[in-house]
Amino acid sequence: MILLVIFLPALISLPRAVSLFVPERPGESMVSVLNYYRQGLLTRYPLASAVNLQHLNSEGIAFHFWDWNAPVLADPAISPDEMFRNSRYFLTVTLDTNSPYQSDILDDSLFLWNGYLADKQRLGEIREFSARRFERIGLTATIYEKNTAQ
């Protein structure tokens, strides 16, 4: 009887205790973002991204787009102007202040890239092609397209 009194509360709270030690994985991740980019574009057009986060960077983009039929410009050594000249699509993310990926920021490349794209959009050289909100990870992924009517 004493054992029942001791172990019964532990058995009742076991599912809650497990969730404390093994948290539920969100249904979204940076792989979801990369899949969104990949599914939204035709493989015959070049794309560019100058994002350098721990889980979304040039190596990850190159790996995810390894079989892309057009150039994938994601090397940090390539200038934004060169990327712009040689690409049709431009990939980026905007992080919420409470996004778990805020801790992934390695340098100011995301802010510089987003500023560069905002300038190009303001000048009418690119337009938003597609955007998707990833609520569970606190970010918005955006694809811009070069305006070809110029």
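Residues numbered from 1 in each chain as written. Predicted model: local features only at pLDDT ≥ 70, side-chain atom pairs only at ≥ 80, totals over all residues. Heavy atoms only, no water.

Caption draft 1: Local environment of the packing of aromatic side chains. According to the stated counting rule, one finds eight aromatic pairs in the structure shown. Ring geometry for F90 against W113: centres 6.4 Å apart, planes inclined by 55°, an arrangement best described as tilted. Here F90 is found in strand β3 (residues 89–95), whereas its partner W113 is found in helix α6 (residues 109–122), with 23 residues between them in sequence. Judged on exposure class, the residue F90 and its partner W113 are both buried. Through successive ring pairs, a cluster of aromatic residues spans F84, F90, W113 and Y116. When the ring centre of Y45 is taken as origin, the NZ or CZ atom of R88, which lies over that ring, is 4.0 Å away. The residue whose ring lies beneath K146 is F84, and the NZ or CZ to ring-centre distance is 4.7 Å. (Phe/Tyr/Trp six-rings, centres within 6.5 Å; stacked < 30°, edge-to-face > 60°. Helix = DSSP H or I, 4+ residues; strand = E, 2+ residues; numbered from the N terminus. Buried < 20%, exposed > 50% of the residue type's maximum accessible area, 1.4 Å probe, protein only. Lys NZ or Arg CZ within 6 Å of the ring centre and 35° of its normal.)

Caption draft 2: How the structure looks around the environment of R44. You can see R44 is positioned in the loop between α3 (30–40) and β1 (47–48). Given the relative accessible area of 55%, R44 is considered exposed. Spatially, the C-alpha atom of R44 lies 10.0 Å from that of R88, the residues being 44 residues apart in sequence. Among the polar contacts listed, one links the side chain of R44 to the side chain of Y45, at a separation of 3.3 Å. (Polar contact = N/O pair within 3.5 Å; in protein donor to acceptor, adjacent residues only side chain to side chain.)

Geometry only, nothing functional implied.
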